[in-house]
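Each chain is listed here by its residues.
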Amino acid sequence: MLEMDEPETRYFGFHSACSAYRDIEEAANVYLNLDSVKEALHVGMDASWVQCPGYSDWTVGANDSSEDMVDEVSQLLSAGIRVLIYNGELDLQVPTHTNEWFVKSLGYPLTEDSLPWFRPDKQMGGMTKSYGAQLQYASVRNAGHMVPTDNPMAAYVLWEAFLNNDYASIRGEEKNPWDY
């Protein structure tokens, strides 16, 4: 169960099968523990981020520990905290349909269905779905499991829209989603 007022260890993970990710793991550990990053993420200065134990063997499916996450995300939403759930459309570890299934399982009504969003270079960034003002789902084109690594511009634009609570700014005018 998520304890909102207590310091906690926060976990992140990168697939470690490739040695190139070891440097990314260390950089992410340093970065996520910066005070400015903790402040921006609203996690509290006493929180610490560490690499997930055994992450390289971690897999997720529609039946894997999703009930725990439903409870945690529901608690966040009940506390008035906005939530963005996203993944790369090329993610083979956590496929798009798995995240869509998870978001649907939260039980919030769909208020905006499958709207395209765009990067500043006019390329389509992906699709968004809204479940009220607090819950957003987004897919990111041309990205796998590591969205910020695979498509940094799209990740930045999506996070900026989330932090500013302004998805209209990335939706732009109606465009053909296949023009990219």
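**Looking at helix α6 (residues 152-164)**
In this model, α6 (13 residues) spans 18 Å end to end at C-alpha, consistent with the 18 Å of a helix rising 1.5 Å per residue. The set of residues buried in α6 consists of A154, A155, V157, L158, A161 and F162. The arc that holds the buried residues of α6, viewed along the axis, is 165°, so those residues lie on one side. More than 90 degrees from the buried face of α6, the exposed residues found are Y156 and N164. Buried residues along α6 sit in contact with β3 (83-88), β4 (112-118), β6 (135-140), α5 (147-150) and α7 (168-171).

**Looking at the sheet that holds strand β5 (residues 124-131)**
The strands that make up a sheet are held in pairs by hydrogen bonds between backbone atoms, and each pair lies either parallel or antiparallel. A sheet is described by the order of its strands in space; here four strands give the open sequence β3-β6-β5-β4, paired in mixed fashion. At either end of the open sheet lies a strand with only one pairing partner, and these are β3 and β4. Pairs of neighbouring strands in the sheet enclose a mean axial angle of 20°, with direction left out of account. For β4 and β5, the ladder comprises five bridges, and the chain directions are antiparallel. Across the sheet, residue W117 finds its bridge partner in β5, namely G126.

**Details of the nonpolar core**
Of all hydrophobic cores here, the largest spans 14 residues; its most connected members are L84, W117, V140, L158, Y167 and I170. Secondary structure elements with two or more residues in this core: β6 and α6. Ranked by residues supplied to this core, first place goes to α6 with six residues. Beyond its immediate chain neighbours, meaning those up to four positions away, Y167 contacts L84, Q136, A161 and F162. By size, the runner-up hydrophobic cluster in this structure holds 11 residues, among which are V70, V73, V83 and F102.

**Some points on the pairing of β3**
Burial within β3 is extensive, with five of its six residues counted as buried. The pairing of β3 with β6 spans six bridges and is parallel. Each bridged residue has a counterpart across the sheet, and for Y86 the counterpart in β6 is A138.

**Thoughts on the confidence of the model for the chain**
Of all residues in the chain, 71% have pLDDT values of 70 or greater, and the mean over the chain is 77. The secondary-structure element of the chain with the lowest mean pLDDT is strand β1 (residues 9-12), recorded at 49, while β6 shows the highest, at 95. Confidence over residues 11-21 falls short of pLDDT 50; this stretch has 31 contacts with residues more than four positions distant or in other chains.

What counts, and at which threshold
Residues numbered from 1 in each chain as written. Predicted model: local features only at pLDDT ≥ 70, side-chain atom pairs only at ≥ 80, totals over all residues. Heavy atoms only, no water. Helix = DSSP H or I, 4+ residues; strand = E, 2+ residues; numbered from the N terminus. Expected span 1.5 Å × (residues − 1). Buried < 20%, exposed > 50% of the residue type's maximum accessible area, 1.4 Å probe, protein only. Arc of directions from axis to C-beta. Contact = heavy atoms within 4.5 Å. Pairing = 2+ DSSP bridges. Axes fitted to C-alpha atoms, helices over the stretch in contact; angles between N-to-C directions. Core = buried A, V, L, I, M, F, W, Y, C linked by side-chain atoms within 4.5 Å. pLDDT = per-residue confidence, 0-100.

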